[in-house]
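# Descriptive analysis of the structure
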Amino acid sequence: MNITYPTGTPYIYGNSITPTWNAYPKAKLYRIQLEVFGGALVEEKTTTDLTCTFTGITDEYYVIKIRAENGLLYTDWSNEYFEIENIGVPVYTSPSEGEHVIAYGGLPYLVPIAFNVVGSFTNYRQQCASDAEFTNLIDDTTFTESPYDVEIGEYGNYYLRSRVDEGGVIGDWSLTRSFSLESE
């Protein structure tokens, strides 16, 4: 058995792992075990595919074990080690939830958006929309600094969300923050 991912003891951001492996001749199924390093079994799966996904994993050092099976015959376990680090989500500090932002000087108006950064990450994706489903985006930008100004051209209600978006590491969206832009 040859595990193709993960290899080389990678550091993986997120809360899931999708190992892959090469097919083994005459295998009817593959048994996959996810263990915390040191032996505690987290979950076991069987599949006929060459991949599967484990979700809801917490920060820890793990080993993935895979073997091919055909009835009572089976291969030795193939092992690979990896470490998971869950990614937190940004937490907004401004504007506050439900805040009425006054557009002094009229429109368009630059609304400063600020949140607490997540760990050592420096790149974030920010979205501002006129609807809570984020189908009518006003702003969709990747940036490196907080606060970040969003230019808004109409009065009304707006919704914000952000996430880590750095070098292939993409976090979950933050909780949605709503505010309104109003005239003086």
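Structure report, in brief.

### Things to note about the overall build of the chain
A tally of regular secondary structure across the chain gives zero helices and 19 strands. C-alpha atoms of the chain, sized along the principal axes, occupy 75 × 30 × 25 Å. Long-range contacts, defined as pairs at least 24 residues apart, comprise 60% of the intrachain contacts of the chain with a sequence gap of at least 6. Carbon and sulfur atoms provide 47% of the accessible area of the chain, an area that totals close to 10000 Å². Here the chain holds 10 positive side-chain charges and 26 negative ones, and the gap between their average locations is 18 Å.

### Regarding unusual backbone geometry
In this chain, Y5 is followed by P6 through a cis amide linkage whose omega measures 0°. Turning to its location among the elements, P6 is positioned in the loop between β1 (3-5) and β2 (11-13). Of note, the amide linkage connecting S94 to P95 takes the cis form, showing an omega dihedral of -5°. Counting through the fold element by element, P95 comes out in the loop between β11 (91-94) and β12 (99-102). One non-glycine residue, T9, lies in the positive phi region at around 50°. Note that T9 resides in the loop between β1 and β2. With relative accessibility at 41%, the residue T9 sits in the partly exposed group. At F134, a residue that is not glycine, the phi angle is positive and equals roughly 60°. A residue is classified by how much of its surface remains accessible, and F134, at 8% relative accessible area, is buried.

### Some details on the nonpolar core
Formed by 22 residues in total, the largest nonpolar core has its most connected members in V111, I152, F179 and L181. Contributions of two or more residues to this core are made by β13 (109-116), β14 (124-129), β16 (148-152), β17 (156-166) and β19 (177-182). Broken down by element, the residue count for this core peaks at four residues, all from β13. Of all hydrophobic cores here, the second largest spans 16 residues; its members include I17, L34, I57 and I84.

### Some thoughts on the pattern of salt bridges
This model, assessed by the stated rule, comprises seven salt bridges. Where R31 meets E44, a salt bridge forms, and the shortest distance between an N and an O atom there is 2.9 Å. Pair noted here: R31 is in strand β5 (residues 29-36) and E44 is in strand β6 (residues 40-47), with a separation of 13 residues, a long-range link. According to the relative accessible area criterion, E44 is partly exposed, its value standing at 35%. In this structure, the salt-bridge partner of R125 is D140, at a minimum N-O distance of 2.7 Å. Of this pair, R125 sits in strand β14 while D140 sits in strand β15 (residues 137-143), and the two are 15 residues apart along the sequence. Taking relative accessible area as the criterion, R125 reaches 21% and is therefore assigned partly exposed. Several salt bridges converge on common partners, so that one network encompasses R31, E44, R67 and E69.

### Focus on the packing of aromatic side chains
Counted according to the given criterion, the structure contains 13 aromatic pairs. With 5.9 Å between their ring centres and 65° between their planes, F115 and F143 make a pair best called edge-to-face. Here F143 lies in strand β15 and F115 lies in strand β13, a separation of 28 residues in the sequence. F143 shares its class with F115; the two are buried. With a centroid separation of 4.4 Å and an interplanar angle of 15°, the aromatic rings of F143 and Y148 are classed as stacked.

So, how was this worked out
- Residues numbered from 1 in each chain as written.
- Predicted model: local features only at pLDDT ≥ 70, side-chain atom pairs only at ≥ 80, totals over all residues.
- Heavy atoms only, no water.
- Helix = DSSP H or I, 4+ residues; strand = E, 2+ residues; numbered from the N terminus.
- Contact = heavy atoms within 4.5 Å.
- Areas by Shrake-Rupley, 256 points an atom, 1.4 Å probe, with all protein chains shown as cover.
- Lys, Arg positive; Asp, Glu negative; His and termini not counted.
- Charge placed at Lys NZ, Arg CZ, Asp CG, Glu CD.
- Buried < 20%, exposed > 50% of the residue type's maximum accessible area, 1.4 Å probe, protein only.
- Core = buried A, V, L, I, M, F, W, Y, C linked by side-chain atoms within 4.5 Å.
- Salt bridge = Lys/Arg side-chain N within 4 Å of Asp/Glu carboxyl O.
- Phe/Tyr/Trp six-rings, centres within 6.5 Å; stacked < 30°, edge-to-face > 60°.

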